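Per-entry structural report
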Amino acid sequence: MAAQGDGGGDGAGPGRALPPHSPSGVVLQTVEMHTGGEPLRIIPRLEAAERAAAAGLSLLSLRREVAAGQDHVRRALMHEPRGHAGMYGAVVVRGGAAAEGAHMAVLFLHCAGYSAMCGHAVMALGRFALDYGLVPAPTRPETAVRLRCPCGPVTAFVPWDGRRSGNPVRFHSVPAFAAATDLAIDVPGHGKVVVDIGYGGTFYAFLNAEQLGLDVCSSKTRDLVSAASAVTEAVKKQFKLHHPESEDLAFLYGTILTDGKDAFSEEPTTNICVFADEQVDRSPTGSGVTARIALQYHKGLIQLDQTRTFRSSTTGSLFTGKAVKATKFGNYNAVIVEVSGEAFYTGTATFTVEEEDPLKHGFFFK
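Residues numbered from 1 in each chain as written. Predicted model: local features only at pLDDT ≥ 70, side-chain atom pairs only at ≥ 80, totals over all residues. Heavy atoms only, no water.

The subject of this paragraph is the packing of aromatic side chains. Applying the stated criterion across every chain, the model contains eleven aromatic pairs. Look at Y204 and F206: their rings are 6.2 Å apart centre to centre, the planes differ by 65°, and that puts the pair in the edge-to-face class. Exposure remark for Y204: the relative accessible area of 1% places this residue in the buried category. Ring geometry for Y204 against Y253: centres 5.8 Å apart, planes inclined by 55°, an arrangement best described as tilted. On the criterion of sequence distance, the pair formed by Y204 in strand β13 (residues 203–208) and Y253 in strand β14 (residues 252–258) is long-range, its members being 49 residues apart. Among the residues examined, Y253 registers a relative accessible area of 7% and is labelled buried. Taken together, Y88, Y204, F206, F251, Y253 and F275 form an aromatic cluster joined through their ring pairs. Above the ring of F157, the side-chain terminus of R170 is found at 4.4 Å from the ring centroid. (Phe/Tyr/Trp six-rings, centres within 6.5 Å; stacked < 30°, edge-to-face > 60°. Buried < 20%, exposed > 50% of the residue type's maximum accessible area, 1.4 Å probe, protein only. Helix = DSSP H or I, 4+ residues; strand = E, 2+ residues; numbered from the N terminus. Lys NZ or Arg CZ within 6 Å of the ring centre and 35° of its normal.)

Next up on the list: the pairing of strand β19 (residues 332–341). Looking along a regular strand, one sees side chains alternate from face to face of the sheet. The element β19 is extensively covered by neighbouring structure, given that eight of its ten residues are classed as buried. Note that strand β11 (residues 176–187) and β19 share two bridges and pair antiparallel. Bridge pairing in β19 links A176 to V335. Two strands pair when backbone bridges link them, and strand β18 (residues 318–329) and β19 are joined in this way by nine bridges, in the antiparallel orientation. Residue pairing for β19: T320 is matched across the bridge by S340. Taking the residues between adjacent antiparallel strands as the criterion, β18 and β19 are bridged by two residues, where G330 takes a positive phi near 65°. (Pairing = 2+ DSSP bridges.)

Attention shifts here to the layout of surface pockets. Taken as a whole, the largest pocket encloses approximately 450 Å³ of empty space. For the largest pocket, the lining is made up of 24 residues, of which L28, Q29, T30, P44 and R45 are closest to its centre. Mapped onto the lining of the largest pocket, the elements with two or more residues apiece are β3 (27–35), α1 (47–54), α3 (71–78) and β20 (343–352). For the lining of the largest pocket, the element with the most residues is β3, which contributes five residues. Across the lining of the largest pocket, the residue classes tally to 14 nonpolar, six polar and four charged. (1 Å grid on protein atoms, 1.4 Å probe; cavity = no way out; pocket = protein on both sides within 12 Å on 5 of 7 lines; lining within 4 Å. Points joined across faces, edges and corners; volume = space filled by probe spheres on them. Nonpolar A, V, L, I, M, F, W, Y, C, P; charged D, E, K, R; others polar.)

Looking now at empty space enclosed by the protein. The probe, sized like a water molecule, is rolled over the atoms to show the empty space still left. Scanning the entire structure with this criterion turns up one cavity of 30 Å³ or more. Within this model, the largest cavity holds a volume of roughly 70 Å³. As for the largest cavity, its lining consists of 14 residues, of which C118, Y204, Y253, D281 and T285 are closest to the centre. When grouped by side-chain class, the residues that make up the lining of the largest cavity number seven nonpolar, five polar and two charged. Summarising the domain contributions, the lining of the largest cavity has at least three residues from each of domain 1 (26–171 + 345–351) and domain 2 (174–341). (Domains from an automatic or database assignment.)

Here we come to helix α6 (residues 221–238). Taking 1.5 Å as the rise per residue, α6 with 18 residues should run 26 Å; its terminal C-alpha atoms sit 26 Å apart, in good agreement. L224, V225, A227, A228, S229, V231, T232, A234 and V235 are the residues of α6 that are buried. Packing partners of the buried residues in α6 comprise β11, β12 (191–199), β13, β14, β15 (269–275) and β16 (279–280). (Expected span 1.5 Å × (residues − 1). Contact = heavy atoms within 4.5 Å.)

What follows is about the side chain of S340. Relative to the helices and strands, S340 is located in strand β19. Within the structure, the side chain of S340 is placed 3.5 Å from the backbone oxygen of V169, a separation counted as a polar contact. Once residues lying within four places of it in the same chain are set aside, the contact partners of S340 are M123, P168, V169, R170, F319 and T320. (Polar contact = N/O pair within 3.5 Å; in protein donor to acceptor, adjacent residues only side chain to side chain.)

So, about the domain arrangement of the protein. Domains assigned within the protein are domain 1 (26–171 + 345–351) and domain 2 (174–341). Relative placement of domain 1 and domain 2: their C-alpha centres are 23 Å apart. Between domain 1 and domain 2, the residue contacts involve 30 residues of the former and 29 residues of the latter. Summing both partners gives a buried area of about 2100 Å² for domain 1 against domain 2, and 55% of it is carried by carbon and sulfur. Looking only at domain 1, the three residues that lose the most surface to domain 2 are E38, C151 and F171, adding up to 23% of its buried area. Remark: the boundary between domain 1 and domain 2 carries two salt bridges. Between R64 and D248 there is a salt bridge whose closest N-O contact spans 2.1 Å. In this assembly, domain 1 and domain 2 are joined by twelve residue pairs in polar contact (both at pLDDT 80 or more). (Buried area = accessible area lost by both parts, 1.4 Å probe. Salt bridge = Lys/Arg side-chain N within 4 Å of Asp/Glu carboxyl O.)

Below is the structure:
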């Protein structure tokens, strides 16, 4: 909300909205949330995106359109001084061809660009959809919220008491699969390592941090980030990804370092996700949990409906995950994965952009 002046000698005058902005300046309203500590800055509507969606663009085409014509919005809200190196965002798109029968479509934003899937965001957006009236007739005790993500349709299941949403929120993924297992990769500065590559709406490389001489629970975050980023770059150069439906989705999003505890256990297993341009997920990573469950199922380490708990090494927050259905996705044997976690509101905001500000569209500082 914009603050109101109280006329108390600050020159604003009674009733004048602060901060001031030029008539041509952009005003951006957001809803602020987090899931497991990972922030989500929701843009409830972006008129340019909805106009493009109404013209019949697919969601992947809409993502390209927004990146080409509205990227200043992402930079203004994700980068400093309004955001930070760990900020994450979502643009809600209502109606139009992009939603394809879902309650809403969504574009995912981060400091380096646009993602295809984000599980922590889906859990937060499930609550947002109910509380902001985007689901016409929510049901008790739980409501299914259908989202259209760039990677495909995802359904969130959100507690609803008739007045407000609650926790935990769970979602069912797009088909998730093992893209490669026991893949030998030469990582500069670390030598040969063996990685698995899993898809959970986007692709991740996975390996035990011990292969890099690190401990995911006790090593310095800076060392974990540098090593994971080196793995990501090495995999990109040495292995070509394939997506059954769209080459737009055939990119490695990041690397997840683990404690190596992949076999089924009642005890939590810990990991850290480093994605995009060395961005660190504060949560256990919803799409990462999806991909990791798919890999564990593929290797016979877990069975359908066996629930695993995943811990973030950065905040200690927990998600659970389980494979709930076997399916096919192109030539891959795949699974639908259910991921559960807790999402919370942290506030609302109104951001302004003054045209004369030389840093009006933000700057990125790591």
